[in-house]
Amino acid sequence: FLWYGAFLVNLAGLSAFLPGDEVQGPRLRDGTRLTYTLNALTVLQTIVTLGILLVKNQGLHAPLWVADHDAHLAVASILAAAIVAGITYACSFHGQKLLSVSGNTGCPPYDWAVGRELSPRIGSFDLKLFAVRPGLIGWFVLIASYLLKQYHDLGHITNSMALVVGFQTLYIVDALWYETELLNSLAITHDGFGFIQAVVHFSWVPCVHSLQARYLADFPVTLPLWKAGLVAALNLGGYYMYRCRKPKKQQGGRRGSATDLSPRCIFAKYGKVTGDLMMSLSWSLACGCASAVPYFFVAYRAIALAYQEYRRVQHA
């Protein structure tokens with residue numbers, strides 16, 4: 001728990017004090033707009049630099065420890081999420097706070113889980129936006145540790161591990177690069193910050209999203225070149241759909257109607273979701289077909305993305 005706590009404190013310190021772009025968020029229910037400091041890429045760069053220096057001076061001890069104690073870190077992250085949610089719940093009763101609609105029921109356990117306060121802050125430091133970073137950066141730390149563990153055990157890195165870690169790192173960097181997109185998500189504009197959001201970002205994202213790299217660290221797979229090429233093509237095609245899809249509204253035209261089933265309209269609406277699923281599938285295919293474990297991630301992503309799309313339509 002102390003190791004994970006130190007990770008959170010370091011991330012919080014870097015997020016609070018490193019420079020970044022000052023951006024105004026969307027208008028909230030009470031008409032106010034909060035200001036956010038977007039410096040996630042700078043934080044990641046600093047973490048990577050510190051990690052390289054640590055490995056240079058102490059060898060692979062630290063990443064091997066992380067890989068060998070990932071279950072302990074997962075439990076610690078759940079405890080940390082529960083504590084943070086408890087603190088934000090208690091602080092929501094002090095001062096004039098904008099409360100969430102769904103987490104202000106008067107039932108303490110429910111409000112603690114869902115989140116009573118909409119945007120808990122310490123001064124200008126936004127806890128809800130910060131919570132995304134332990135998930136994405138923690139995910140990167142885990143996959144890098146699994147890659148180094150495989151190198152330590154085998155003396156080389158398999159092409160499957162290189163593909164998984166490389167493409168997942170691209171996904172993480174992309175999410176941090178376009179951090180401003182998070183400000184318009186329902187998690188920021190509508191949902192309160194409670195245990196559910198905290199445990200998703202602190203524990204679920206890094207532990208479940210690193211599943212393929214964790215599997216390959218224990219069960220190495222070397223893909224034939226043609227299979228590796230197909231996996232790479234699937235991922236790159238998915239990334240193109242995920243990132244290059246531009247809704248009509250952003251292009252200056254009118255959004256298609258709900259009954260418009262033309263390929264162009266379907267692509268505009270669901271291209272990003274399809275691209276996300278293609279990337280998820282490519283990461284699992286890189287693990288081969290000897291086990292169903294890596295494919296749990298694809299099923300989970302399909303359900304999560306379907307639920308996100310349902311919520312988006314409900315709040316449109």
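Worth saying up front: this structure is predicted, and the values here are computed from it rather than measured.

## Examining helix α11 (residues 225-244)
In a regular helix each residue adds 1.5 Å, so 20 residues correspond to 28 Å; α11 covers 28 Å between its end C-alpha atoms and thus fits that length. Every buried residue of α11 is accounted for by Ala 228, Val 231, Ala 232, Asn 235, Gly 238, Met 241, Tyr 242 and Arg 243.

## Considerations on the layout of surface pockets
Of the voids in this model, the second largest pocket is the one considered here, and its volume is about 1100 Å³. In terms of lining, the second largest pocket is formed by 35 residues, of which the most central are Phe 7, Leu 54, Ala 62, Val 66 and Val 141. Looking at the lining of the second largest pocket, the elements that each hand over two or more residues are α1 (2-17), α2 (40-58), α3 (61-68), α4 (70-91), α6 (127-154) and α9 (195-209). A per-element tally of the lining of the second largest pocket places α2 first, with 9 residues.

## What to know about the environment of Gly 51
On the secondary structure map, Gly 51 appears in helix α2. A residue is classified by how much of its surface remains accessible, and Gly 51, at 27% relative accessible area, is partly exposed. In this structure, the C-alpha to C-alpha distance between Gly 51 and Ala 144, residues 93 residues apart in sequence, is 10.0 Å.

## A closer look at the packing of aromatic side chains
The full count for this structure, using the stated rule, is 14 aromatic pairs. When the centroid spacing of 5.3 Å and the interplanar angle of 45° are considered together, the rings of Phe 125 and Phe 130 count as tilted. For Phe 130, a relative accessible area of 9% puts it in the buried group. Pairing Tyr 171 with Trp 283 gives two aromatic rings, centres 5.6 Å apart and planes at 85°, and the pair type is edge-to-face. Taken together, the residues Tyr 171 in helix α7 (residues 159-177) and Trp 283 in helix α12 (residues 263-285) connect sequence positions 112 residues apart. Like Trp 283, Tyr 171 is buried. Each member of the aromatic cluster is reached from another via a ring pair, and the members are Trp 139, Tyr 171, Trp 204, Tyr 242, Trp 283, Phe 297 and Tyr 300. We note Arg 116 situated over the ring of Phe 93; from NZ or CZ to the ring centre the distance is 3.9 Å. When the ring centre of Tyr 36 is taken as origin, the NZ or CZ atom of Arg 121, which lies over that ring, is 4.9 Å away.

## Observations regarding the nonpolar core
Generally speaking, a soluble globular protein has its nonpolar side chains buried in company with each other. Trp 139 and Met 161 are the most contacted members of the largest nonpolar core, which totals 61 residues. Broken down by element, this core gets its largest block of residues, 12 residues, from α6. Listed in part, the 5 residues of the second largest apolar core include Tyr 36, Leu 38, Leu 129 and Ile 188.

## A look at empty space enclosed by the protein
It is a probe the size of a water molecule, rolled over the atoms, that shows where empty space is left. The final tally for this structure, using the stated rule, is 2 cavities of 30 Å³ or more. Taken as a whole, the second largest cavity spans an internal volume of roughly 30 Å³. Lining the second largest cavity, in full, are Ala 85, Thr 88, Tyr 89, Asp 111, Trp 112, Gly 115, Arg 116, Glu 117, Pro 120, Phe 193 and Gly 194. Listing elements by their share of the lining of the second largest cavity, those giving two or more residues are α4 and α5 (108-114). For the lining of the second largest cavity, the leading source of residues is α4, giving 3 residues.

## Describing the side chain of Ser 15
Within the fold, Ser 15 resides in helix α1. On the basis of relative accessible area, Ser 15 is assigned to the buried category, the value being 5%. Not counting the four nearest positions on each side in its chain, Ser 15 is found in contact with Asn 39, Val 43, Phe 125, Phe 130 and Arg 133.

Cut-offs applied
Residues numbered from 1 in each chain as written. Predicted model: local features only at pLDDT ≥ 70, side-chain atom pairs only at ≥ 80, totals over all residues. Heavy atoms only, no water. Helix = DSSP H or I, 4+ residues; strand = E, 2+ residues; numbered from the N terminus. Expected span 1.5 Å × (residues − 1). Buried < 20%, exposed > 50% of the residue type's maximum accessible area, 1.4 Å probe, protein only. 1 Å grid on protein atoms, 1.4 Å probe; cavity = no way out; pocket = protein on both sides within 12 Å on 5 of 7 lines; lining within 4 Å. Points joined across faces, edges and corners; volume = space filled by probe spheres on them. Phe/Tyr/Trp six-rings, centres within 6.5 Å; stacked < 30°, edge-to-face > 60°. Lys NZ or Arg CZ within 6 Å of the ring centre and 35° of its normal. Core = buried A, V, L, I, M, F, W, Y, C linked by side-chain atoms within 4.5 Å. Contact = heavy atoms within 4.5 Å.

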